Every structure is written in structure tokens, then in C-alpha cells.
Amino acid sequence: VQLVESGGGLVQPGGSLRLSCAASGFTFSSYYMSWYRQAPGKERELVAGISSVGGRTTYAASVKGRFTISRDNAENTVYLQMNSLKPEDTAMYYCNVFRVVAYWGQGTQVTVSS
């Protein structure tokens, strides 16, 4: 299993970013996918999740209405569109799949600052 995140960067408050996670090594279309984040000194937290065919999504209360998770099963990729970014969204963002055990990517850094 390999998960490779991309799309992070430095953005001003109110800005947008789109994260991508390219997956390989498993039948992507059969698995629930999630995005987590971890800020310095804090525990890793669930940001959003999406069912295998994309019909069901879930969001942390702190991002609901601002972030959108989606997936392209033909491209084995899951996305996180982040709008109206706030400084408190600053964190390392990780892609996750649970397949007997939890697998994580290397993360992509998102920094929201003026």
C-alpha cells in the first residue's frame, strides 16, 4: 500500500488549496478513504472521510462547510478541497486507509498565514 499526498503549501487566510492523495497497492475503489491532520503539539485528528463509491462523506465540525472531500476511483485518487482557510487549519495533512491495519502517507504541509 502506498499513499502519496501533494498540494500543500503556504496560503493567506481566506485562501484555498486542493490536496491530492494518489493511492496504489490495493483495490482503491473498495475502501473508505480519510484525511487527517496534525498540528504541532496536538494529536492527529480526522478531517474528512468518504465512502468507497463516494456517496457518503463525513467532516469534522471545524471544517464543515469549508472543506470538501471527493474521490476519483478511475484515477485512484482522493482529494480535499479546502476553502476559506484559517490559521488554525495549519497542520500536516495525511491521507489514510484502513486495510487490516492503518496506512498513512508521508503528509503534506499546509500553512495558513498572512
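Presented here is an overview of the structure given in this document. In this text, all values refer to a predicted model and were calculated from it rather than measured experimentally.

Details of unusual backbone geometry
Here comes step 1: Residues other than glycine seldom take positive phi values, yet Asn76 does so here, at roughly 55°.
Here comes step 2: Tracing the backbone through its elements, the reader meets Asn76 in the loop between strand S7 (67-72) and strand S8 (77-82).
Here comes step 3: One non-glycine residue, Ser84, adopts positive backbone phi at about 50°.
Here comes step 4: Tracing the sequence through the fold places Ser84 in the loop between S8 and strand S9 (91-99).

Things to note about the sheet that holds S7
Here comes step 1: If you trace the 4 strands from one edge of the open sheet to the other, you get S1-S3-S8-S7, paired in antiparallel fashion. The sheet is open, and its two borders are formed by strand S1 (2-6) and S7, each paired with just one other strand. Along the sheet, successive strands turn relative to each other by an average axial angle of 15°, direction set aside.
Here comes step 2: Across 5 bridges, the pairing between S1 and strand S3 (residues 17-24) is antiparallel. Note on S3: the bridge partner recorded for Glu5 is Cys21.

Considering the packing of aromatic side chains
Aromatic rings considered in pairs are described by the distance between their centres and by the relative angle of their planes.
Here comes step 1: Tallying each qualifying case throughout the model produces 4 aromatic pairs.
Here comes step 2: Between Phe26 and Tyr31, the aromatic rings sit 5.6 Å apart at their centres with planes inclined by 80°, giving edge-to-face as the arrangement.
Here comes step 3: Judged by relative accessible area, which is 23%, Tyr31 ranks as partly exposed.
Here comes step 4: Here the aromatic rings of Tyr36 and Trp104 are separated by 5.0 Å at their centres, their planes lie at 75°, and the arrangement is edge-to-face. With a gap of 68 residues between them, Tyr36 in strand S4 (residues 33-38) and Trp104 in strand S10 (residues 101-104) connect regions that are remote in the sequence.
Here comes step 5: Over the aromatic face of Tyr94 sits the side chain of Arg44, whose NZ or CZ is 3.8 Å from the ring centroid.

Here's the deal with the pairing of S10
Here comes step 1: The pairing of S9 with S10 spans 4 bridges and is antiparallel. If you follow Asn96 over to S10, its bridge partner there is Trp104.
Here comes step 2: Hairpin connection between S9 and S10: a loop of 1 residue separates the two successive antiparallel strands, and Val100 in this loop has a positive phi of roughly 75°.

Re the environment of Asn73
Here comes step 1: Of note, Asn73 is situated in the loop between S7 and S8.
Here comes step 2: Sequence spacing of Asn73 and Ser52 is 21 residues, and the spatial spacing of their C-alpha atoms is 8.4 Å.
Here comes step 3: When sequence neighbours within four positions are dropped, the list of residues in contact with Asn73 reads Phe28, Ser29, Ser52 and Val53.
Here comes step 4: There is a polar contact of 2.9 Å between the side chain of Asn73 and the backbone oxygen of Ser52.

Cut-offs applied
Residues numbered from 1 in each chain as written. Predicted model: local features only at pLDDT ≥ 70, side-chain atom pairs only at ≥ 80, totals over all residues. Heavy atoms only, no water. Helix = DSSP H or I, 4+ residues; strand = E, 2+ residues; numbered from the N terminus. Pairing = 2+ DSSP bridges. Axes fitted to C-alpha atoms, helices over the stretch in contact; angles between N-to-C directions. Phe/Tyr/Trp six-rings, centres within 6.5 Å; stacked < 30°, edge-to-face > 60°. Buried < 20%, exposed > 50% of the residue type's maximum accessible area, 1.4 Å probe, protein only. Lys NZ or Arg CZ within 6 Å of the ring centre and 35° of its normal. Contact = heavy atoms within 4.5 Å. Polar contact = N/O pair within 3.5 Å; in protein donor to acceptor, adjacent residues only side chain to side chain.

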